[in-house]
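Coordinate inspection notes
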Amino acid sequence: MTPRLVSSFLRLFVVQASWNYDRMIGVGVGVAEEPLLRDIARTEGDAAYHAAVGRGAGFFNSHPYLAGLAVGATARAEYDHVPPEQIERLRAALCGPLGSLGDRLVWAGWLPLVSGLAVAAAVLGAGATAVVGFLVLYNAGHLALRWWALRAGWSHGMRVAAALHAPALQRAARLTAPAMAVAAGLALPAGGAALSSVEPEWARAVFIGAAVAGLALLTWMRTTLDGARLGLAATVLALALGVLLW
Amino acid sequence: MISAGDLTVLLVWGTVVGLDLVTGPQVMIARPLVAGTVAGWLVGDAATGLLLGVLFELFQYDVLPVGASRYPEYGPATVAAVAAAHGIAEPAGLALGALVGLATGVVGGASLGVVRRRNTAAVRAAVPRLEAGDPRALAALHAAGVARDTARAAAVTALGLCLGLVARATLGGVLATPAAALAAAAAGAAALAAAINGTLRLVGRGPDLRWMAAGVVVGTLLVWLR
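Definitions and cut-offs
Within every chain, residues take consecutive numbers counted from 1 along the sequence as written. Chains carry letters from A onward and ligands carry numbers from 1 onward, assigned in written order. Reporting in this predicted model follows two pLDDT cut-offs: at least 70 for local features of residues, and 80 or more for side-chain atom pairs to be given and counted; totals over whole chains, interfaces and linings ignore these cut-offs and use all residues. Neither water nor hydrogens contribute to the side-chain values; these are computed over all heavy atoms in the structure. Labels follow the DSSP assignment, with helices taken as runs of H or I lasting at least four residues and strands as runs of E lasting at least two, numbered in each case from the N terminus. For a compact globule the rule gives 2.2 Å times the number of residues to the power 0.38, and the radius of gyration it is set against comes from C-alpha atoms. It only takes one pair of heavy atoms within 4.5 Å for two residues to be counted as in contact. Here the Shrake-Rupley method, with its probe set to 1.4 Å, supplies the accessible areas, and only the displayed protein chains count as covering residues. In this tally Asp and Glu are treated as negative and Lys and Arg as positive; neither His nor the chain ends contributes. Here the site of a charge means NZ on Lys, CZ on Arg, CG on Asp, or CD on Glu. A pocket here means an open set of points on a 1 Å grid, computed over the protein atoms alone, that has protein on both sides within 12 Å along at least five of seven lines. A cavity is instead a set of points where a 1.4 Å probe fits but cannot get out; residues with an atom within 4 Å of a point line either one. Grid points are joined across faces, edges and corners, and a volume is the space filled by probe spheres set on the points. Throughout, the ten residues Ala, Val, Leu, Ile, Met, Phe, Trp, Tyr, Cys and Pro are labelled nonpolar, Asp, Glu, Lys and Arg are labelled charged, and all others, Gly among them, are labelled polar. For every residue, the predictor reports its confidence as pLDDT, a number between 0 and 100. Take a side-chain nitrogen of Lys or Arg and a carboxyl oxygen of Asp or Glu: if they are within 4 Å of each other, that pair is a salt bridge. Classification of ring pairs rests on two measures: the distance between centres of Phe, Tyr or Trp rings, Trp counted by its six-membered ring, which must be within 6.5 Å, and the angle between planes, read as stacked under 30 degrees, edge-to-face over 60 and tilted in between. With a 1.4 Å probe rolled over the protein chains alone, any residue whose accessible area is under 20% of its type maximum counts as buried; one over 50% counts as exposed, and the rest are partly exposed. Take the number of residues in a helix, subtract one, and multiply by 1.5 Å to get its expected span. Lines fitted to C-alpha atoms define the axes, with helix axes restricted to the stretch in contact, and inter-axis angles between N-to-C directions lie between 0 and 180 degrees. Note on angle classes: values under 35 degrees are labelled roughly parallel, values over 145 roughly antiparallel, values of 65 to 115 roughly perpendicular, and the remainder oblique. Two helices crossing with the near one rotated counterclockwise from the far one by less than a right angle form a left-handed crossing, whereas a clockwise rotation gives a right-handed crossing. Two N or O atoms form a polar contact when they lie within 3.5 Å of each other; inside protein one atom must be a possible hydrogen donor and the other a possible acceptor, and for residues adjacent in sequence the pair counts only when both atoms belong to side chains.

Some words on the overall build of chain A
Counting its regular elements, chain A contains 10 helices and zero strands. Across chain A, helices and strands are ordered from the amino to the carboxyl terminus as α-α-α-α-α-α-α-α-α-α. For a compact globule of 246 residues, the expected C-alpha radius of gyration is about 18 Å, and chain A comes in at 24 Å, more than 25% above that figure. When the backbone C-alpha atoms are referred to their principal axes, chain A occupies close to 80 × 35 × 25 Å. In chain A, of all internal contacts separated by at least 6 residues, the share reaching a separation of at least 24 is 76%. When the accessible surface of chain A is summed, it comes to about 10,100 Å², and 67% of that surface belongs to carbon and sulfur atoms. Averaging the coordinates of the 18 positive side-chain charges in chain A and doing the same for the 14 negative ones gives two points 6 Å apart.

See the structure below:
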């Protein structure tokens with residue numbers, strides 16, 4: 001574990017800080033890659049170093065946790081004297097797979113899985129301990145994935161596609177979907193019970209009816225209505241109606 | 001009434017939470033369950049923090065934060081909701097928290113677009129230095145991005161906290177009536193509907209739907225047994 005790899009790893013935690021419509025997370029990727037490129041200045045001169053830094057900050061987009069794979073792979077490719085146009089092609093080729101794998105594995109898998117378990121546990125008696133458990137468990141997976149990505153990219157270089165086909169990664173992607181579905185399923189009645197438990201008896205019937213109507217509205221108006229706007233409209237309307245009635 | 005000291009602490013916490021959403025470190029303190037519980041603990045009202053954390057966590061299930069997609073920002077919103085609901089008996093606290101938090105969440109989501117456009121303009125202005133591989137230009141652009149998002153998160157949290165103060169002052173009379181229970185029921189129902197909608201979208205119509213159904217059955221049993 002070299003200090004420059006650690007420096008790059010730490011910078012990857014803010015890889016999206018300069019997210020923009022032209023280069024997406026490209027500037028952040030360049031910032032994270034820069035420590036790994038410093039030896040190029042010593043061995044091959046400043047011009048080669050600046051050219052590599054410039055390439056590192058070009059357009060790039062992927063899941064933030066997996067961006068390290070591209071950072072490591074392209075930095076390694078610079079040391080391996082791979083022609084610049086091939087490095088650009090590697091970056092472009094990694095965008096799609098790293099984005100879709102990360103979305104499937106993390107945003108649509110690990111995160112809702114751990115969150116669902118935490119909501120269910122919090123409501124069923126664990127309270128704030130469930131929140132601590134959520135942070136510890138989620139980040140154990142998060143940190144492991146980030147570190148694996150950077151190490152895999154740095155060791156594979158241009159052959160980084162092999163790392164994406166690692167059996168453990170494929171197995172994880174396969175297993176998280178059903179586990180997430182179970183955990184999210186657990187959270188729904190638990191969350192509903194927690195929210196309706198503070199209501200008086202008569203309002204619980206309103207709760208159930210409004211949930212069914214809200215789900216129907218969200219399904220029917222899926223392109224124009226989201227949960228926040230539905231919630232805001234429903235709360236304001238209910239408050240106004242309540243003031244009129246009472 | 002919430003003290004000025006508590007408001008200051010919540011402003012700092014909301015700003016950190018807002019940064020965690022996109023800028024980093026993305027350790028999920030921006031999740032409403034975490035943001036709300038910690039906010040409740042900070043003001044000495046952990047039960048309200050956890051309840052509002054669950055409410056907005058369910059709303060969050062309707063969001064898939066992919067690429068440049070636009071979505072409400074529930075982290076600072078939950079912090080503002082806890083400040084608004086702090087010390088108010090349920091279900092009125094839930095109604096007030098939902099109202100303040102949802103409004104803040106919508107504004108927070110829109111503010112992300114503003115920062116992205118500012119970042120884009122800054123990157124365009126720095127293209128020659130970026131193409132030349134100037135590491136100081138890279139670092140400066142990135143640091144400015146962090147500063148912009150910090151200012152954004154602080155502004156959204158401050159707006160939410162102000163909204164909470166105004167709502168407490170103006171809706172005080174209404175909160176003592178059954179209208180508050182009706183509003184709380186509507187907010188909770190919308191959260192549950194959003195969560196079911198988001199989960200169904202995530203799970204799809206394949207074999208995972210059966211796993212979700214199994215989870216719902218087990219969850220219902222566990223709630224009933226509790």
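A look at the layout of surface pockets
Put simply, the second largest pocket is a space of about 410 Å³. Lining the second largest pocket are 19 residues; nearest its centre among them are Pro189(A), Gly192(A), Ala193(A), Phe207(A) and Leu192(B). Looking at the lining of the second largest pocket, the elements with two or more residues in it are α8 (167–196) and α9 (201–220) of chain A together with α8 (178–203) and α9 (208–225) of chain B. If one sorts the elements of the lining of the second largest pocket by residue count, α9(A) sits on top with six residues. Its residues assigned to classes, the lining of the second largest pocket shows 13 nonpolar, four polar and two charged.

Quick word on the confidence of the model for chain B
Model confidence for chain B is summarised by a mean pLDDT of 95, while 99% of its residues fall at 70 or above. Interface confidence for the predicted complex, expressed as ipTM, amounts to 0.95; the pTM equals 0.95.

Description of the pattern of salt bridges
The full count for this structure, using the stated rule, is 13 salt bridges over all chains. Put simply, Arg55(A) and Glu78(A) hold a salt bridge, and the shortest N to O gap is 2.8 Å. Within this pair, whereas Arg55(A) is found in helix α3 (residues 46–56), its partner Glu78(A) is found in helix α4 (residues 67–79), the two being separated by 23 residues in sequence. With a closest N to O distance of 2.8 Å, Arg31(B) and Glu57(B) form a salt bridge. Of the two residues, Arg31(B) sits in the loop between α1 (4–21) and α2 (32–42) while Glu57(B) sits in helix α3 (residues 46–60), which places them 26 residues apart along the sequence. One salt-bridge network, in which partners are shared between bridges, spans Arg4(A), Asp39(A) and Arg42(A).

Examining the packing of aromatic side chains
Residue and element names in this part refer to chain A. Under the criterion given, the structure shown has 11 aromatic pairs over all chains. Where Phe9 meets Phe13, the ring centres are 5.2 Å apart and the plane angle is 80°; that geometry is what we call edge-to-face. Assessed through its relative accessible area of 13%, Phe13 is described here as buried. An angle of 80° between the planes, with centres 5.0 Å apart, marks the rings of Phe9 and Trp147 as edge-to-face.

So, the environment of Gly160(B)
Residues and elements named next belong to chain B. Within the fold, Gly160 resides in helix α7 (residues 135–175). What makes Gly160 buried here is its relative accessible area of 0%. Among all residues touching Gly160, those that are not within four sequence positions of it are Ala80, Val100 and Thr104.

Digging into empty space enclosed by the protein
Residue and element names in this part refer to chain B. For the structure on display, the rule yields one cavity of 30 Å³ or more. The volume enclosed by the largest cavity comes to roughly 70 Å³. When residues in the lining of the largest cavity are grouped by element, the largest group, four residues, is from helix α5 (residues 92–125). For the lining of the largest cavity, the per-class residue count stands at five nonpolar, three polar and two charged.

What about α4(A)?
Residue and element names in this part refer to chain A. The end-to-end C-alpha distance of α4, which contains 13 residues, comes to 19 Å, matching closely the 18 Å that a straight helix rising 1.5 Å per residue would cover. Burial analysis of α4 places 12 of its 13 residues in the buried class, which makes it a mostly covered element. All of the buried residues along α4 are Ala67, Gly68, Leu69, Ala70, Val71, Gly72, Ala73, Thr74, Ala75, Ala77, Glu78 and Tyr79. Against α1 (3–11), α2 (26–44), α3, α5 (84–126), α6 (128–156) and α7 (161–164) lie the buried residues of α4.

A few points about unusual backbone geometry
Looking along the chain, the bond that leaves Gly24(B) and enters Pro25(B) is cis, with omega of 5°. Checked against the element boundaries, Pro25(B) lands in the loop between α1 and α2. Between Glu90(B) and the following residue, Pro91(B), the backbone shows a cis peptide bond with an omega angle of 5°. Along the chain, Pro91(B) falls in the loop between α4 (74–85) and α5. The phi torsion at Met24(A) lies on the positive side, around 50°, for a residue other than glycine. A residue is classified by how much of its surface remains accessible, and Met24(A), at 17% relative accessible area, is buried. Of note in the backbone geometry, Met28(B) takes a positive phi value of approximately 70° without being a glycine. One can find Met28(B) in the loop between α1 and α2.

Considering the packing of α2(B) against α4(B)
Residue and element names in this part refer to chain B. Two elements in contact, α2 and α4, have axes separated by 8 Å at closest approach and are oriented at 30°. Classified by the interaxial angle, the pair formed by α2 and α4 is roughly parallel. For the pair α2 and α4, the sense of crossing is right-handed. Of the residues in α4, those touching α2 at Pro32, Ala35, Gly36, Ala39 and Gly40 are Tyr74, Gly75, Thr78, Val79 and Val82. Considered class by class, the residues forming the contact of α2 with α4 number six nonpolar, four polar and no charged.

Describing the environment of Asp45(B)
Residues and elements named next belong to chain B. Examined against the element boundaries, Asp45 turns out to sit in the loop between α2 and α3. Distance from Asp45 to Asp62, taken between C-alpha atoms, is 27 Å for residues 17 residues apart in sequence. Apart from residues lying up to four places away in sequence, Asp45 is in contact with Gly40, His86 and Gly87. Among the polar contacts listed, one links the side chain of Asp45 to the side chain of Thr48, at a separation of 2.9 Å. There is a polar contact of 3.1 Å between the side chain of Asp45 and the backbone nitrogen of Gly87.

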